[in-house]
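A closer look at the structure
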Amino acid sequence: MSDFDAIVIGSGISGGWAAKELCEKGLKTLVLERGRNIEHIADYPTAFTEPWEFKHRNYLPRKVREENPLISKAAGYNEDTAHFFIQDKDHPYVQEKPFEWIRGYQVGGKSLIWGRACQRWSEYEFSAPARFGYGIDWPIRYKDVAPWYSHVEKFIGVCGHKDSIEAMPDGEFLPPIELNCVEKVLQQKFLAHYKNRYLVQGRWAQLTEPNDIHIEQGRGRCQCRNLCMRGCPYGGYFSSVTSTLPWAKRTGNLTVRPHSVVHSIIYDENKGQASGVRVIDANTKEVIEYKARVIFVNASALNSNLILLNSTSKRFPNGLGNDNGLLGKFIGFHIYRGSMGADMPGYEDKYIYGRNPVECILANFRNLKEQDTDFFGGYTTFMGAYRARRNEAEGIGAGFKKALSEPDGWRVYMYMQGETMPNENNHVRLSTNEKDQWGIPLLVTSVGYDDNAEKMVKDFLIQGREMLEVAGCTNIETYDNKQAPGLDIHEMGGVRMGRDPQTSLLNEWNQLHHCKNVFVTDGACMTSMGNQSPSILYMALTARAANRAVAELKKGKF
Ligand SMILES: Cc1cc2nc3c(=O)[nH]c(=O)nc-3n(C[C@H](O)[C@H](O)[C@H](O)COP(=O)(O)OP(=O)(O)OC[C@H]3O[C@@H](n4cnc5c(N)ncnc54)[C@H](O)[C@@H]3O)c2cc1C
Ligand code: SF4
């Protein structure tokens, strides 16, 4: 007799979706979360704090930066958001090569602090490894996930414009936030010059116009405050805390246990399947075991690798499901190194009012149908135009104040999100001699850039400059910040999907080939990295796998 029908490890973006789907289908589900509990609204302490009300006027004090040299580099980490990120000293790991691992350990995980970009993968991304001969083929195609993308988009609310672009399929969109006048100019000039370079409004998990399903979740219209990473009291953007977890809770089938650090998954040698999960209470260090018939691993990509590597048994001495020795290998990420800024002369009679929580996207135009460069893979480009304040004024007092209140000229920026190649050398493994405060081996990260990545950054900087020139921009400055991987916050792989158990860990339903009642549906499952923001794909794959798990359970398979 099991304690629960299902256990979900992790309560973030993907874990929340597993919980929602499993609970809705009637499974008694336990969500195990290593961090503290977060209640929607009650636990957003800075949501309404004005800049001058922060002790340090919303600047990071030097002490915090010195004590957290790693996490303080994360995008958006500041006095107003630091409480949703870990502290460096609490969660060490070993960087064999520089890799800056950004984490948010709490109920809701990184769904509280994510950027909310939600583009679908295209068929071209799913088929690229097979067509161009890198990595292994995905066991699924766009048509397999398309209905699940729709399922997720309708529930979380994604705003966007239907653009009919092959590289970035349309979805079930709420009305888009409008492009501003300079963004419209960029859009027209790119298209006129290149024919296949589409600058469009991005797709974002913001409720521009809530539907009934969102109102039922207790969420309201996005107010465009652009303070999302503090937690949104209006529920204007999607997080597990606003949406999936409360939805699961109201079925009466959900139990969430915060402060529960999952140590490993327990394997039943007689039954040939997993029987439960071993947990260490984060505060008391008590070891507790929970039993269930189905286990979803959603601890975020690298932590899911860690848990599986640490789940050893007589049958699996090298980690659960790891017969081929590939668990922890082929870790990928997105390349964010390239960026640029420029002036856009003119349009000074036009201004923008209010804040904007979204950005435009220039859909990938590289290596889509054919390989048209000397590197593999593509890149999505985020960009936008804004009017800065005229802050170069000298001095203090009335003159300075007046200068600050006047808008400066238009600025244009762009930055890349590029695909990395599956590479066996990019791996994570368990330390053989160092453990964390719960006695769990530390994760060793050995992940770096390759020649393909270098060529892609170079291409982005050349193409970006050319496009800004075509659009009439001046004073173009390009940067390669050479940042370490990890800061791109899209780590993936290590437990990849595939058809062949010799070369992959998971089948087409995200089940471990060799332990079918364990499903891994976060970024760890990624066979290749694509160039789109990945989280909505994790959500779609999770919903798809959860429905499969319930069907298999009903057939008595586990
Ligand atoms: C600043 C920032 C901006 C981002 N912007 C975007 C974006 O615009 N679009 C996009 O697609 N993605 C974005 N991402 C990435 C996105 O946040 C992740 O892809 C997504 O959260 C992954 O979902 P997940 O469920 O795998 O992990 P998470 O959301 O991180 O959830 C994992 C949960 O598991 C818990 N956990 C970990 N280990 C254990 C354990 N041993 N036992 C129990 N619980 C455990 C963690 O505490 C956490 O709550 C962004 C990330 C950051 C940091
Ligand atoms: S921009 Fe929208 S989602 Fe973000 S904090 Fe404001 S209201 Fe909430």
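Look up: the structure comes first, before these words.
Structure report, in brief. (Residues numbered from 1 in each chain as written. Chains lettered and ligands numbered in written order. Predicted model: local features only at pLDDT ≥ 70, side-chain atom pairs only at ≥ 80, totals over all residues. Heavy atoms only, no water.)

**Topic: the overall build of the protein**
Assigned secondary structure in the protein consists of 11 helices and 22 strands. Considered along the principal axes of its C-alpha atoms, the protein spans approximately 75 × 55 × 50 Å. For the protein, contacts bridging at least 24 residues in sequence account for 72% of all contacts bridging at least 6. Counting only carbon and sulfur atoms, one obtains 50% of the accessible surface of the protein, whose full area is about 22200 Å². Distance between charge centres in the protein, computed from 67 positive and 66 negative side chains, equals 3 Å. (Helix = DSSP H or I, 4+ residues; strand = E, 2+ residues; numbered from the N terminus. Contact = heavy atoms within 4.5 Å. Areas by Shrake-Rupley, 256 points an atom, 1.4 Å probe, with all protein chains shown as cover. Lys, Arg positive; Asp, Glu negative; His and termini not counted. Charge placed at Lys NZ, Arg CZ, Asp CG, Glu CD.)

**Concerning the site of ligand 1**
Contacts to ligand 1 come from 37 residues, most closely from S14, E33, G115, V262 and S535. A distance of 3.0 Å separates an oxygen atom of ligand 1 from a polar atom in the backbone of Q106. S535 is positioned with one of its side-chain polar atoms (N or O) 2.8 Å from a nitrogen atom of ligand 1. When the free accessible area of ligand 1 is taken as 990 Å², the share hidden by the protein chains comes to 95%. Counting only elements with at least two residues in the shell around ligand 1, the list comes to α1 (13-24), β8 (260-268), α8 (301-309) and α11 (535-554). (Near = heavy atom within 4 Å. Polar contact = N/O pair within 3.5 Å; in protein donor to acceptor, adjacent residues only side chain to side chain.)

**A few points about the pairing of strand β16 (residues 407-419)**
Relative to β16, strand β12 (residues 334-335) runs antiparallel, the two sharing two bridges. Its bridge partner lying in β16, H334 is registered against E419. The pairing of strand β13 (residues 338-344) with β16 spans six bridges and is classified as antiparallel. Bridge pairing in β16 links M344 to W410. Direction of pairing for strand β15 (residues 379-389) relative to β16: antiparallel, over a ladder of 10 bridges. Paired with G384 across the two strands is Y413, which belongs to β16. (Pairing = 2+ DSSP bridges.)

**Concerning the packing of aromatic side chains**
The tally for this structure, following the rule as stated, stands at 24 aromatic pairs. Seen from their ring centres, Y77 and F85 are 5.2 Å apart, and the 70° between their planes marks the pair as edge-to-face. For Y77, a relative accessible area of 9% translates into the label buried. Classification of F85 as buried rests on a relative accessible area of 7%. Where F155 meets W247, the ring centres are 5.1 Å apart and the plane angle is 80°; that geometry is what we call edge-to-face. Here W247 lies in helix α7 (residues 244-249) and F155 lies in helix α4 (residues 142-156), a separation of 92 residues in the sequence. Joined through ring pairs, the aromatic side chains of W204, Y336, F382, Y386, Y413 and Y415 make up one cluster. When the ring centre of F365 is taken as origin, the NZ or CZ atom of R197, which lies over that ring, is 3.8 Å away. Across from the ring centre of Y449, 4.6 Å away, lies the NZ or CZ of R337, which sits over that ring. (Phe/Tyr/Trp six-rings, centres within 6.5 Å; stacked < 30°, edge-to-face > 60°. Buried < 20%, exposed > 50% of the residue type's maximum accessible area, 1.4 Å probe, protein only. Lys NZ or Arg CZ within 6 Å of the ring centre and 35° of its normal.)

**Overview of the site of ligand 2**
Around ligand 2, the structure places 13 residues, and the nearest of them are C222, Q223, N226, C228 and C232. More than half of the atoms belonging to ligand 2 lie within 2 Å of the grid points that define the largest cavity. For the shell around ligand 2, the per-class residue count stands at eight nonpolar, four polar and one charged. (1 Å grid on protein atoms, 1.4 Å probe; cavity = no way out; pocket = protein on both sides within 12 Å on 5 of 7 lines; lining within 4 Å. Sits in = over half its atoms within 2 Å of the grid points. Nonpolar A, V, L, I, M, F, W, Y, C, P; charged D, E, K, R; others polar.)

**Observations concerning empty space enclosed by the protein**
This structure, assessed with the given rule, holds three cavities of 30 Å³ or more. The calculated volume of the largest cavity comes to roughly 90 Å³. Lining the largest cavity we find Q206, C222, Q223, C224, R225, N226, L227, C228, C232, Y234, G236 and Y237. Class assignment for the residues of the lining of the largest cavity results in seven nonpolar, four polar and one charged. Within this model, the second largest cavity holds a volume of roughly 80 Å³. As for the second largest cavity, its lining consists of 14 residues, of which Y124, E125, A128, N367 and E419 are closest to the centre. (Points joined across faces, edges and corners; volume = space filled by probe spheres on them.)

**Things to note about the state of the cysteines**
Here the structure, examined in full by the defined rule, presents zero disulfides. C118 takes part in no disulfide bond, and the closest cysteine sulfur to it belongs to C159, at a distance of 9.0 Å. Overall, the relative accessible area of 1% leaves C118 in the buried class. (Disulfide = S-S within 2.5 Å.)

**Concerning the layout of surface pockets**
Approximately 420 Å³ is the volume found for the second largest pocket. Around the second largest pocket sit 22 residues that line it, and F85, I86, Q87, D90 and H91 are the ones nearest its centre. A per-class count over the lining of the second largest pocket returns nine nonpolar, nine polar and four charged.

**So, the pairing of β8**
Burial within β8 is extensive, with nine of its nine residues counted as buried. Where β8 and strand β9 (residues 273-281) come together, eight bridges link them in antiparallel fashion. Across the sheet, the residue bridging to I265 is V277, located in β9. Following β8, the chain reverses through four residues before pairing antiparallel with β9; G272 in that reversal takes a positive phi of roughly 70°.

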